[in-house]
Structure formats: C-alpha cells, structure tokens
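Residues per chain, in single letters:
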Amino acid sequence: MDIAGEPARPADYGRKALAMMAFLKSDLFLRFMGGFAIGAVGMFLLQPEEQPVLSSTAIAATSTHDAAL
C-alpha cells in the first residue's frame, strides 16, 4: 500500500495474501458462493421455454389504440 509516498514493503503483500486466503476459505464466503451457484443454476434451469401469454395481449392492446380514436 502506498502511504505518503512510501512504497509498500514485501511483508505487507504476504499479510494481504494470507488475509485474502483466510477470507476465501471462510464460511461466509463459501456460503455466499454456494448460494450464488445454486441461484445461477436455478435461473438457467427454470427459464420458461415459451413466451408468457400476457406479452402477446399487451402488444395487441397497444396496436388497437389508434382504432379507438
């Protein structure tokens, strides 16, 4: 870390690397990544294969707007 114009010492990088490894192995991070992975797979698998019915009626309703005038 560059504080007041002084370059970081090599020992600082080692401490930061150990802190990052400790965070990556923590339960908090592993639970977050597990939930993210399950959510991503669920979003991919639960996608509807056909268009929702409401989208076609909404398009039809906007096309008849000028006919009512």
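Residues numbered from 1 in each chain as written. Predicted model: local features only at pLDDT ≥ 70, side-chain atom pairs only at ≥ 80, totals over all residues. Heavy atoms only, no water.

The secondary structure content of the protein amounts to three helices and zero strands. Here the protein holds 69 residues, and the buried ones make up 3% of them. (Helix = DSSP H or I, 4+ residues; strand = E, 2+ residues; numbered from the N terminus. Buried < 20%, exposed > 50% of the residue type's maximum accessible area, 1.4 Å probe, protein only.)

Another point: the packing of aromatic side chains. By the definition in use, this model includes two aromatic pairs. Taken together, a centroid distance of 5.2 Å and an interplanar angle of 50° make the contact between Phe23 and Phe29 tilted. The class of Phe23 is partly exposed, set by a relative accessible area of 39%. Seen from their ring centres, Phe32 and Phe36 are 6.5 Å apart, and the 25° between their planes marks the pair as stacked. Placement of both Phe32 and Phe36 in helix H2 (residues 27-45) is noted, with a separation of four residues, approximately one turn of the helix. (Phe/Tyr/Trp six-rings, centres within 6.5 Å; stacked < 30°, edge-to-face > 60°.)

Right, let's talk about a nonpolar patch on the surface for a bit. A surface patch of nonpolar side chains, amounting to about 490 Å² of accessible area, comprises Met20, Met21, Phe23, Leu24 and Leu28. Per-element accounting of the nonpolar patch gives the leading share, four residues, to helix H1 (residues 10-24). Looking at the element boundaries, Leu28 is found in helix H2. (Patch = residues over 30% accessible without salt bridge, like charges linked within 9 Å, V, L, I, M, F, W, Y side chains within 5 Å. Areas by Shrake-Rupley, 256 points an atom, 1.4 Å probe, with all protein chains shown as cover. Salt bridge = Lys/Arg side-chain N within 4 Å of Asp/Glu carboxyl O.)

This part takes up the confidence of the model for the protein. Of all residues in the protein, 61% have pLDDT values of 70 or greater, and the mean over the chain is 76. Confidence, read as mean pLDDT per element, is least for helix H3 (residues 53-63) in the protein (56) and greatest for H2 (93). (pLDDT = per-residue confidence, 0-100.)

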